[in-house]
Amino acid sequence: MLHTLPTPGTPHFAKLTSALQPFGVGPRGITFEAPSARMADIALNFELVGGAVRLQITYEGFEIVVSQLQEEHLTEIPKLARIARETLQDCSPASTGGRYEITYSAHLALEPGKAVSILAEHLPSEAKDQELAPDAFAYRIQQPDRPEVVELRLFVAQSLLLKEGVWVQFIAVYQGELPVERLAQQAVDDTSEALARLGLKNPRGDTK
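What comes next concerns the included structure. (Residues numbered from 1 in each chain as written. Predicted model: local features only at pLDDT ≥ 70, side-chain atom pairs only at ≥ 80, totals over all residues. Heavy atoms only, no water.)

Section: the packing of aromatic side chains
- The final tally for this structure, using the stated rule, is 3 aromatic pairs.
- For the ring pair Phe-62 and Tyr-100, a centre distance of 6.5 Å and an interplane angle of 65° mean the geometry is edge-to-face. Residue Phe-62 is found in strand E4 (residues 61-66), and its partner Tyr-100 is found in strand E5 (residues 99-109); the two are separated by 38 residues along the sequence.
- Centre to centre, the rings of Phe-137 and Tyr-139 are 5.5 Å apart; their planes meet at 65°, and the pair counts as edge-to-face.
- According to the relative accessible area criterion, Tyr-139 is partly exposed, its value standing at 37%. (Phe/Tyr/Trp six-rings, centres within 6.5 Å; stacked < 30°, edge-to-face > 60°. Helix = DSSP H or I, 4+ residues; strand = E, 2+ residues; numbered from the N terminus. Buried < 20%, exposed > 50% of the residue type's maximum accessible area, 1.4 Å probe, protein only.)

Listed below in structure tokens is the structure:
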């Protein structure tokens, strides 16, 4: 837990906003939320890259949210992660390396028939209750030779947005003292590799 937040008027805030200048930070895109008296609910939010990226800092850590993933975001996210991590270290110098959780989710458009084929391949063909039609599956990807990996999980389901497509979610949890930029890039690589195991790929900007 952080001992303090980089709130306006503090040296930490000045350093953070200076570091965020290349990402288009501005007064209109900065909000401070304190919806209750609980410290866990207090958050400092930055809208960046024209509103496409949001950086949130709380007493528990930081979160980077990208609603529509584009090619350029793959280089910007690791840099933002490094800036956020350095800010947390400045606010709490005695803190140790925590956990990093990266979640990627998207509706992927596929050629006709491929979604049905993928689901049929990974779902049981028989069920006692014929009214139950499974349309999603999940895998835990094991990486025993990588001590920084806590968990890698891949979920795939029939898309409710695209007629010929699947909804995928990949969750990666890491721990340790790896450089945060390297960790963010590793998450990108792990996501691509997980999708490739099922013959899928991140279309970089074509996700819905």
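Section: helix H3 (residues 114-122)
- All of the buried residues in H3 are Ala-115, Ile-118 and Leu-119. With its buried residues spanning 95° around the axis, H3 presents them on a single face. Turned more than 90 degrees off the buried face of H3, the exposed positions are Val-116, Ala-120 and Glu-121. (Arc of directions from axis to C-beta.)

Quick notes on the nonpolar core
- Residues Val-166, Val-168 and Leu-200 are the most contacted members of the largest nonpolar core, which totals 31 residues.
- Of all the elements in the fold, those that place two or more residues in this core are helix H2 (73-91), E5, H3, strand E7 (149-158), strand E8 (165-175) and helix H4 (180-196).
- With 6 residues, H4 is the largest single contributor of residues to this core.
- Not counting chain neighbours up to four residues away, the residues in contact with Val-166 comprise Ala-106, His-107, Leu-108, Leu-110, Ala-115, Val-156, Ala-157, Ser-159 and Leu-200. (Core = buried A, V, L, I, M, F, W, Y, C linked by side-chain atoms within 4.5 Å. Contact = heavy atoms within 4.5 Å.)

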